[in-house]
Structure formats: C-alpha cells, structure tokens
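Given next are the chains, with one letter for each unit.
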Amino acid sequence: MDVMNVLEIYDKLRAHFGRQYWWPAETPFEVIVGAILTQQTAWKNVEKAIINLKKLDLMTPEVIAASNLETLEKAVYTSGFYRQKALRLKKISEYLVKNYNGNLSRFFSRDTMEVRKELLGLDGVGFETADSILLYAGCKRIFVIDAYTKRMCRCMKPGGSEVHDGYENLRHFFENNLPEDIELYKEYHALIVELGKNYCKTKPDCEKCPLRRIAKL
DNA sequence: ACCCAGGTGGCCC
DNA sequence: GGGCCACATGGG
C-alpha cells in the first residue's frame, strides 16, 4: 500500500464522514467545561450535564466559582468521575476569575505557548484537554492528539514507517505536515474521533484494522 | 457480566 | 520516560 500522508487521510475521512461541526458550544467557557466533562466519557453523558448546568445558570466562570460544590456535583453527575470533575471545574473557574476577571478573551490573547503552559498547570488539564481548549475555545492553531489519533497512526503510518510516539512528537508531526488552517485542524480531530467511534472498536491490530478500509475508499 | 467512552494525576521504578 | 491504578456513570 502506498504511503499516505496526513492530508490524504484527512481527505478520505472528510469524504466518508462529511463535516462534523465541532465543537458544539455557545461560548469558549462552555468548551472548557465540555473538555473537562468529556474526559474518558461518552459525549452523550456530557450533554446531559451541560443541560443541567445551563438550567441552573452555571455556565460562566463567575457563577461556578461562587457555586456550592454539591450542587455542581449533582449537575455533572451523569458525566462520571463527578466529584473530581465538579471540583476541577470549580478550581478552574476560580482561577479564571481571580487572574482574568473571568474574561476568556483576555485569557487567550497572549502567546499561545504561554497560555498552553498555564492550562497545563491547572488541575485536570493534561495535553489533550489543554489543546482542545486552545483549538476549539481559543481558536489557536494547535493539533489535538487523542487515543484514536495514536491508534490511527499505528495503523496507517502516515508519512512512512518512522512510527510516531509520544504526545508532543505526534502533535508536531501533524502540525508540520498540514496546511496552517485552523478550521482544518478542528475538523480533522473531530473526524478522527468519529472514525474511532464507528470503526475502531477492534484492537489495534494493524493488518485487519477497519481504518485501512476507510482510507482506501 | 463484562467492555468502552472525545483523560488526568499520583505513585512506582 | 513508561506502566499501573483510581476516578464513576451510562450504553452496548
């Protein structure tokens, strides 16, 4: 099989799955909330939690920072890990209020890597969550790597067989081999997740991985 | 009765 | 730097 590059894989996925319209959120802060809640959790369960939060008017840093922890826990209950997640949302909200007056535009309007470092310092924010927030809430040109992306790369070996491992290596690989197009970054990550949801329940055995079939369409 | 889901942090070596 | 484990609900 010919070596496929990352852009070719994108085109195949885009043609197969169509447009994904990520991230479904009304505000940048809602992206942050969703990014925490969706960790190791199906989005369907997160949606319920987000509806609860909105019903309680708990969708700004100010109100979450000032809210009662038990109320928050009940609201996000369906998203799993609800105690951790409630606490983390509260701590992140307090941080944003304290340092940026709850103003997300102010938070994002600095050097991207500076913002990234700051995000990574927050409890409950690792690489993937930080980068999702940068891309989808801050509109920064950062490629998000998740478990599906790693699996896809093991399978398809984009760019040849120099296998890419480790989060930062993989991120740089994608960023160095794609057009500098933020909308494409958003769509690509969404498509990879869609691919994983629909076709990659199997173990990552490369030879018979369904990913290959999609890619050849 | 399992397995997985749009991960992270703490601990161990 | 990698390999485990807890965190927890909901759907297949």
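Scroll up to find the structure this text is about.
These remarks concern the structure in this document. (Residues numbered from 1 in each chain as written. Chains lettered and ligands numbered in written order. Predicted model: local features only at pLDDT ≥ 70, side-chain atom pairs only at ≥ 80, totals over all residues. Heavy atoms only, no water.)

### Quick notes on the protein's contact with DNA strand B
Cut-off, in case you're wondering: In these notes, residues near a molecule or strand are those with any non-hydrogen atom within 4 Å of it. Here a polar contact is recorded for every N or O atom pair within 3.5 Å, except that within protein the pair must consist of a potential hydrogen donor and a potential acceptor, and residues adjacent in sequence are included only if both atoms are side-chain atoms. In DSSP terms, a helix is any run of H or I states spanning at least four residues, a strand is any run of E spanning at least two, and both are numbered starting from the N terminus. Only Asp, Glu, Lys and Arg are considered charged, only Ala, Val, Leu, Ile, Met, Phe, Trp, Tyr, Cys and Pro nonpolar, and every remaining residue, Gly among them, polar.
Around DNA strand B, the surrounding shell holds 22 residues, and the nearest of these are W23, Q40, G124, G126 and T129. Here the atoms of DNA strand B within 4 Å of the protein split so that 60% fall in sugar or phosphate, with bases taking the remainder. At 3.3 Å from a phosphate oxygen of DNA strand B is found a main-chain nitrogen or oxygen belonging to L122. T129 has a polar side-chain atom sitting 2.8 Å from a phosphate oxygen of DNA strand B. Listed by contribution, the elements that provide at least two residues to the surface near DNA strand B are α9 (127-137), α10 (147-156) and α12 (182-199). Sort the elements by how many residues they give to the surface near DNA strand B and α9 lands first, with three residues. Along the lines of polarity and charge, the residues of the surface near DNA strand B split into nine nonpolar, seven polar and six charged.

### What about the pattern of salt bridges?
For clarity, the cut-off: Each salt bridge in this description consists of a side-chain nitrogen of Lys or Arg and a carboxyl oxygen of Asp or Glu lying within 4 Å of one another. Burial status follows relative accessibility: with a 1.4 Å probe on protein chains alone, a residue under 20% of its type maximum counts as buried, one over 50% as exposed, and anything between as partly exposed.
All chains considered together, the criterion is met by 14 salt bridges. Salt-bridge contacts for K54 lead to E30; the nearest nitrogen and oxygen are separated by 3.2 Å. With a gap of 24 residues between them, K54 in helix α3 (residues 43-55) and E30 in helix α2 (residues 28-37) connect regions that are remote in the sequence. With relative accessibility at 32%, the residue K54 sits in the partly exposed group. Judged by relative accessible area, E30 falls into the buried class, the value being 5%. One salt bridge connects E175 with R171, and the closest N-O pair in it is separated by 3.1 Å. Placement of both E175 and R171 in helix α11 (residues 167-176) is noted, with a separation of four residues, approximately one turn of the helix. Linked by salt bridges that have partners in common, R116, D131, E168, R171 and E175 make up one network.

### Things to note about the layout of surface pockets
To keep things clear, this is the line we draw: Definitions used for this entry: grid spacing 1 Å over protein atoms alone; cavity, a set of points where a 1.4 Å probe fits but cannot get out; pocket, an open set with protein on both sides within 12 Å along at least 5 of 7 lines; lining residue, one with an atom within 4 Å of a point. Grid points are joined across faces, edges and corners, and a volume is the space filled by probe spheres set on the points. In this document the domain limits rely on a domain assignment from an automatic tool or a database.
In this structure, the largest pocket occupies an estimated 810 Å³ of space. Those elements that place two or more of their residues in the lining of the largest pocket are α9, α10 and α12. The class makeup of the residues in the lining of the largest pocket is ten nonpolar, nine polar and four charged. The residue makeup of the lining of the largest pocket includes at least three contributed by each of domain 1 (3-21 + 143-214) and domain 2 (28-137). What lines the second largest pocket is simply Y10, R14, R19, Y21, W22, D181, E183, L184, K186 and E187. At the level of secondary structure, the elements contributing two or more residues to the lining of the second largest pocket comprise α1 (6-17) and α12. Ranked by the residues each element gives to the lining of the second largest pocket, the list is headed by α12, at four residues.

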